[in-house]
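Residue strings, one per chain:
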Amino acid sequence: GGSGASSLPYNISTDPLSPSTNKGSHGWAIHTATHKTNGGEATAFQASKAELAKTPLQQQRSQSFASSGNLTQLVPALHHFHRIKRLIHPRILRAHATLDTDYPDDSKPSPGLDALDKVASTGNLIIVTEKAIPLDDWLDNLNPHTAQANAAAVSWGIYNIVEGLSFLHTQAKLAHGMICPDAVFVTPGGDFKLGGFDLVTPLGIADGGGGPTPHFRKYEASVCPADYRSPERASGRYDTLQQSAPVHSIDCYSLAVLIEYIYTHPSAGTNGQVPVPLKKALLRMKNDSPKLRPRLPPLLKCPVFDNPYVKAQKFLDEVVSKPAEEKIIFLQSLPDILNRGVLTENVAIYKILPMLVMGLRASAGNEAAMSQDINRREVLAIVPLLFQIAESYLAKTPELFQKHVTPLVPLLFAVNDRGVRGSILQKISILETQLDKSALNSSVFEPMCSGFTDSSGPLRELTLKSTIVLVPKLNHANLEKLVRYLVRLQADPEASIRTNTVIFIGKVAPHLTETSRQKLILPAFTRSMKDPFTPCRLAALRAVIACKEYFSQKEVAEKVLPCVIPHTLDGANEVRAEAFNVVDTFLVNLREESKRMAKDEAERMSAATCGIGAEGGSGAATSSAPNSGSYLTGISSWMGTSTEPTASTSSTSGAQRTTSSTSNGSLTKLPAPQPGPAAPKFSSLTLSDAQVGGSSKYNTADDSGGWSDDDDIVSPQNNNTGGGGWDDDDDAFGMSPVNKTKGDGDFFASFDSNKASIVGGGKAGSLKPGMKLKGKAKPTVTKLPASDLLDGWDDF
């Protein structure tokens, strides 16, 4: 719109919403605009003076009273341009900025209202106003299915027009002169605003103006629609207006016609009829005599304006000047008003929300103000209403949420008040859906962590419950921080907080890293299972089931079930039932794992046996393959025996090994074992040391040839790995053919730490047949027979 348009603090769209050639535009094109600094929305009216000067008024309006035939749109447009920036009232379209590109600054002043015909006509006129649309467009956009709401909105609009005209007549001593649909604009909040100041004039000697002005007399017949001109204007009796007409007379007549026009619109909500209370008033307003037309302010007392919508809108407009107590009561009533649909969505977004934002910035951002109880109560009334509007209306328009609510989040969390914090936490899910990950971590989670350590139990619990929705978007550092708070909350004096904490841990587990999960969940569940509060123990058992996928089968057998099983005899019936449920669930998985292990073992032994047979047929020396073959062969032969093998069975097994050695002619008598780094320690252990056998240590049967569990000398308490692989999760034989420990050193350390250990003096030995270990007595150490050197233990 001209080279000087860039000097305005607004960005104006290129394409107009409504072109300058539209009916009723009076040469002005309507564009959208946004503020360059804060992004605020506005409406821009643009007109080319060259086009205005070429457009005759007769082409736009039919005339009932002939005027000069060479009149154009330029002078009325200039009259409006100069008037709108000087008239300021809540019911008048607010001009934020104006620009005549022929006169961009004060170095070349523009001619005033008295010399409009001398204005240069080469540039453009730009008026930036508050966001608004023409009345006709607003009426066409009404939802025809909401008749009652539409009728209330229309009544509020007419109320606005009457207030605006009353200001012009009583305060400015001016007559509008062009009251018609073209001169009325509607804001997004539903307020009607007066525009179209093409013919504004003082009127009548009584008010001291002496009008109408020559400009009005010259242009009014061409600018104002014929239907909206009073009889004296239609007949050109301007002297009558000057001598005896009150200032409101011509606008009173035009307003009556406009009210009839609005109510006859199909979407006005009154079935095309003027409300009965207004009919008599409209007849008086259209009186042929200017003197008998009533003043407009009394019209505001008409019952048609006595409805909840108008009352709520009036209070919104006056809330700034209301006493603090009335303001708080009104704010507390607004949620119900919105829920009942008394006020529309646009009113909530464009009128109530800006008011709330302004109130929060004034009070919540001021620590001194928050120290006063009245301001604190006002903020407590604002916060729930703010989030109700955000949830109901802004969730579907993220741009509005980012504009109005997002900047307030740090401010709200900075308020040191439990009531305010509680209101925010109850609506934290809205912030989670609308804010990006960075904002959630920095502006929401970090400040809300102070709630975990607050002295108020309800606030700690609410903080915990609210955090769950943020977990999927927390970064690694904040997740680790959260884990530390959870560990602390497990020792909280409030039983409900401890219970909710273990539930929270079960829900947060999938989002933790493997390391954090291993450190947190099992110790946390174990701790909660010991809690004296029954719901806490119950929650812990349920959390174990929920997190079963994060436990290996070894952990289940060695760590999880030993913690769960005692609760099968818990004092609470529901805890016992849940404990049995956990045990049954895990036992199913353990049986499957055991079957899989047995299958793998059988396959390995079968493969090893086939390999040894092939080597024997080729004449290979047994000593040349000291891997797992001889060990697996010995175990295989042993597994084929009964639970308690007899001495003859052992002799047979030994004979088989001796035959295997002598069959290839390489050995007849085995020499003593050569010393090595691990050989002394390993060679001092026999299968009896490994608890191999089927009998329990409590078996009262007699000597079983050294294979009985009476040789159980391992103390699980001395092994951090849960028994070094020799505890209750081993198979029915007391061990599996494959070493299940994490490392050889740790495995044998469990034996060394026991007072009944066989290792002693650094020499290898074995138990004599028929010998039993009795309590803490140290067994006799003897020299290994040659047959035991090939039992597979040297493979380690």
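Residues numbered from 1 in each chain as written. Predicted model: local features only at pLDDT ≥ 70, side-chain atom pairs only at ≥ 80, totals over all residues. Heavy atoms only, no water.

(A) Region of the structure containing the pattern of salt bridges. A complete count under the given rule lists 33 salt bridges for this structure. For Asp336, the salt bridge is made with Arg340, and the minimal N-O distance between the two is 2.9 Å. As a salt-bridge pair, Glu558 and Lys554 come within 2.6 Å of each other at their nearest N and O atoms. You can see Glu558 and its partner Lys554 sitting in helix α25 (residues 553-564), 4 residues apart, about one turn around the helix. (Salt bridge = Lys/Arg side-chain N within 4 Å of Asp/Glu carboxyl O. Helix = DSSP H or I, 4+ residues; strand = E, 2+ residues; numbered from the N terminus.)

(B) Broad picture of the environment of Lys193. Within the secondary structure layout, Lys193 lies in strand β8 (residues 192-194). Overall, Lys193 belongs to the buried group, its relative accessible area being 8%. For the pair formed by Lys193 and Ile158, sequence separation is 35 residues and the distance between their alpha carbons is 9.9 Å. Side-chain polar atoms of Lys193 contact the backbone oxygen of Pro90, separated by 2.4 Å. (Buried < 20%, exposed > 50% of the residue type's maximum accessible area, 1.4 Å probe, protein only. Polar contact = N/O pair within 3.5 Å; in protein donor to acceptor, adjacent residues only side chain to side chain.)

(C) Seen up close, the pairing of strand β5 (residues 124-130). Most of β5 sits inside the fold, with 7 of its 7 residues counted as buried. Note: strand β3 (residues 41-48) against β5, 7 bridges, orientation antiparallel. Residue pairing across strands places Phe45 opposite Ile127, the latter belonging to β5. Alignment of strand β4 (residues 95-100) against β5, held across 5 bridges, turns out to be antiparallel. Across the sheet, residue Ala95 finds its bridge partner in β5, namely Thr129. (Pairing = 2+ DSSP bridges.)

(D) A look at the packing of aromatic side chains. As enumerated under the stated definition, the model contains 7 aromatic pairs in all. Measuring from ring centre to ring centre gives 5.1 Å for Trp138 and Phe192, while their planes differ by 80°; the resulting arrangement is edge-to-face. On the criterion of sequence distance, the pair formed by Trp138 in helix α3 (residues 135-141) and Phe192 in strand β8 is long-range, its members being 54 residues apart. Using a relative accessible area of 12% as the deciding quantity, one classes Trp138 as buried. Between Phe216 and Tyr238, the ring centres sit 6.2 Å apart and the planes meet at 85°, which makes this aromatic pair edge-to-face. Taken together, the residues Phe216 in helix α5 (residues 214-223) and Tyr238 in helix α7 (residues 238-244) connect sequence positions 22 residues apart. Looking at Phe216, the relative accessible area reads 0%, which means it is buried. Clustering of aromatic rings is evident, with ring pairs tying together Trp156, Tyr159 and Phe305. (Phe/Tyr/Trp six-rings, centres within 6.5 Å; stacked < 30°, edge-to-face > 60°.)

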